[in-house]
Amino acid sequence: MGYASFSGLDKVYNAVLAVREKPILVLLEKLRMWFMLRFNNQQRQYLQKWISDVGPKIFGIIEASKKDIYLHALDLAARSCSCRKWDLNGIPCVHAVAAILYRNEDPIDYTNAFYKKDAWSRAYAEIVNPITMLLKVWFEANGSSNL
Ligand SMILES: [Zn+2]
């Protein structure tokens, strides 16, 4: 119904209401922290939707690659193909997927580690803490400690 985008605006509006009495720098800092936490939570929720060790987009590319197979020179150990797609993006190309499946192995095992769930969850395991030092310096320079 299109209400989803408005519910996001409501949350931003409520976040602004909670800190609207604060000085502008504190307000902006609180909003920045709110957005960072929201983004972090969204990435964690996105991770729950993964049905494989790689994200849905990468999984879809690999599944589509299984359908279109041509002949190219492969080196599975070096994770390289003469079409250069695998070399460039770290995702097995159609030729590599065909060879990997022929060997009864999983193409996901040949996908670059930075596409995998472990790398994703490590990237978002901890909250990115905002840098409050600049705000403290600003308040100290202006004779205030209103944080
Ligand atoms: Zn290829």
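Preceding this section is the structure that the text describes.
Okay, so let's go over this structure. Every chain begins its residue count from 1, and numbering advances along the sequence as written. This being a predicted model, a pLDDT of at least 70 is required before a residue's local features are given, and a value of 80 or more before pairs of side-chain atoms are given or counted; all residues contribute to the totals for chains, interfaces and linings.

### Topic: unusual backbone geometry
Which entries qualify depends on this criterion: Strands are runs of DSSP state E lasting at least two residues, helices are runs of H or I lasting at least four, and both sets are numbered from the N terminus onward.
Even without being glycine, arginine 79 reaches a positive phi, approximately 55°. Mapped onto the elements, arginine 79 comes out in the loop between strand E1 (74–75) and strand E2 (80–81). The phi dihedral of asparagine 104 falls on the positive side, at around 60°, and the residue is not glycine. For asparagine 104, the location among the structural elements is in the loop between helix H5 (94–102) and helix H6 (117–123).

### Focus on the nonpolar core
The condition that has to hold: Note on terminology: a nonpolar core is a set of buried residues of type Ala, Val, Leu, Ile, Met, Phe, Trp, Tyr or Cys, with members joined through C-beta atoms within 7 Å. Counts of 20 or more other C-beta atoms within 10 Å of a residue's own C-beta define buried residues, counts of 12 or fewer define exposed ones, and intermediate counts define partly exposed ones; C-beta atoms are placed from the backbone. The contact criterion used is a C-beta to C-beta distance within 7 Å, with each C-beta placed from the backbone.
Of all hydrophobic cores here, the largest spans 16 residues; its most connected members are Ile58, Ile91, Ala96 and Val97. Of all elements in the fold, only helix H3 (56–65) and H5 reach the threshold of two or more residues within this core. In terms of residue count, H5 provides more of this core than any other element does, six residues in total. Non-local contacts of isoleucine 58, meaning those with residues more than four positions away in its chain, are made with Ile91, Thr111 and Tyr115.

### Let's talk about the environment of glutamate 63
Note on placement: glutamate 63 falls in helix H3. Along the backbone, glutamate 63 and proline 107 are 44 residues apart, and their C-alpha atoms lie at a distance of 9.5 Å.

### What to know about the environment of methionine 36
Locating methionine 36 in the fold gives a position in helix H2 (residues 24–48). Between the C-alpha atoms of methionine 36 and asparagine 129, which are 93 residues apart in sequence, the distance is 8.7 Å.

### Some details on H5
Of all nine residues in H5, seven are buried, a share of seventy percent or more. Residues of H5 that are buried include every one of Val94, His95, Ala96, Val97, Ala98, Ala99 and Ile100, and no others. Lining the buried residues of H5 we find H3, E1, E2 and helix H4 (85–89). Note on H5: the residue one or two positions beyond its end, asparagine 104, has a positive phi of about 60°.

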